[in-house]
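The lines below spell out each chain.
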Amino acid sequence: MLLAPVAPSREGDACLSHDVHRSNDDPGLWVVYENWRSSGDLDGHFALPHMQAFVARIPDLVEGELDLRSFTRLSGAV
């Protein structure tokens, strides 16, 4: 289920990257890492139907509280 939004998210021009990572040491620990052209583009991303469906399923996918954080990329793109 964590992989479901990856392909539709990558289709948009504003999506610079959308990747899902799973810990090698803890199979229950996952990280979804995304880069967007702007914070407005990220807001628009969360308004899309595939993301609304994904967000609705988060309580079924996450044990405990969701740890959602925003970062600012300081290095340039490769």
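Being a predicted model, the structure only gives us computed values, none of them experimental.

### Some details on the layout of surface pockets
Thought 1: Each pocket or cavity is described by its volume, and for the largest pocket that value is around 1,400 Å³.
Thought 2: What lines the largest pocket is a set of 36 residues, and nearest its centre among them are V32, Y33, D67, L68 and R69.
Thought 3: Top contributing element to the lining of the largest pocket by residue count: strand β2 (residues 30–36), with seven residues.
Thought 4: A breakdown of the residues in the lining of the largest pocket according to their chemical character gives 22 nonpolar, seven polar and seven charged.

### Section: helix α3 (residues 49–61)
An α-helix turns once every 3.6 residues. As a result, residues three or four positions apart point the same way.
Thought 1: Compared with the 18 Å implied by 1.5 Å per residue over 13 residues, the 18 Å span of α3 between its first and last C-alpha is a close match.
Thought 2: Taken as a whole, α3 carries its principal kink of about 25° at V55; the proline P59 stands between one and four residues after it.
Thought 3: Within the span of α3, buried status applies to M51, F54 and I58.
Thought 4: Tucked into the core, α3 has its buried residues touching α1 (6–10) and α2 (39–47).

### Focus: the packing of α2 against α3
Thought 1: At their nearest, the axes of α2 and α3 sit 5 Å apart, and the two run at 70° to each other. Regarding the angle of α2 to α3, the classification is roughly perpendicular. The segment α2 lies against α3, with H45, F46 and A47 engaging P49, H50, M51, Q52 and V55.
Thought 2: Split by residue class, the contact of α2 with α3 holds five nonpolar, three polar and no charged.

### Here we look at the confidence of the model for the protein chain
Thought 1: With 97% of its residues at a pLDDT of at least 70, the protein chain reaches an overall mean of 90.
Thought 2: Within the protein chain, α3 has the poorest average pLDDT of any element, 91, and strand β1 (residues 15–22) the best, 95.

### Remarks on the pattern of salt bridges
Think of it this way: side chains of opposite charge can pair up when their charged atoms draw near.
Thought 1: Overall, the coordinates contain four salt bridges when judged by the stated rule.
Thought 2: The closest approach of N and O atoms between D19 and R10, which form a salt bridge, is 2.8 Å.
Thought 3: Judged by relative accessible area, which is 27%, D19 ranks as partly exposed.
Thought 4: Notably, a salt bridge pairs R57 with D60, separated by 3.6 Å at the nearest N-O pair. With R57 and D60 both in helix α3 and three residues apart, this pair spans about one turn of that helix.
Thought 5: Looking at R57, the relative accessible area reads 35%, which means it is partly exposed.

Cut-offs applied
- Residues numbered from 1 in each chain as written.
- Predicted model: local features only at pLDDT ≥ 70, side-chain atom pairs only at ≥ 80, totals over all residues.
- Heavy atoms only, no water.
- 1 Å grid on protein atoms, 1.4 Å probe; cavity = no way out; pocket = protein on both sides within 12 Å on 5 of 7 lines; lining within 4 Å.
- Points joined across faces, edges and corners; volume = space filled by probe spheres on them.
- Helix = DSSP H or I, 4+ residues; strand = E, 2+ residues; numbered from the N terminus.
- Nonpolar A, V, L, I, M, F, W, Y, C, P; charged D, E, K, R; others polar.
- Expected span 1.5 Å × (residues − 1).
- Bend = angle between axes of the 7 residues up to and from the residue.
- Buried < 20%, exposed > 50% of the residue type's maximum accessible area, 1.4 Å probe, protein only.
- Contact = heavy atoms within 4.5 Å.
- Axes fitted to C-alpha atoms, helices over the stretch in contact; angles between N-to-C directions.
- Parallel < 35°, antiparallel > 145°, perpendicular 65-115°, else oblique.
- pLDDT = per-residue confidence, 0-100.
- Salt bridge = Lys/Arg side-chain N within 4 Å of Asp/Glu carboxyl O.

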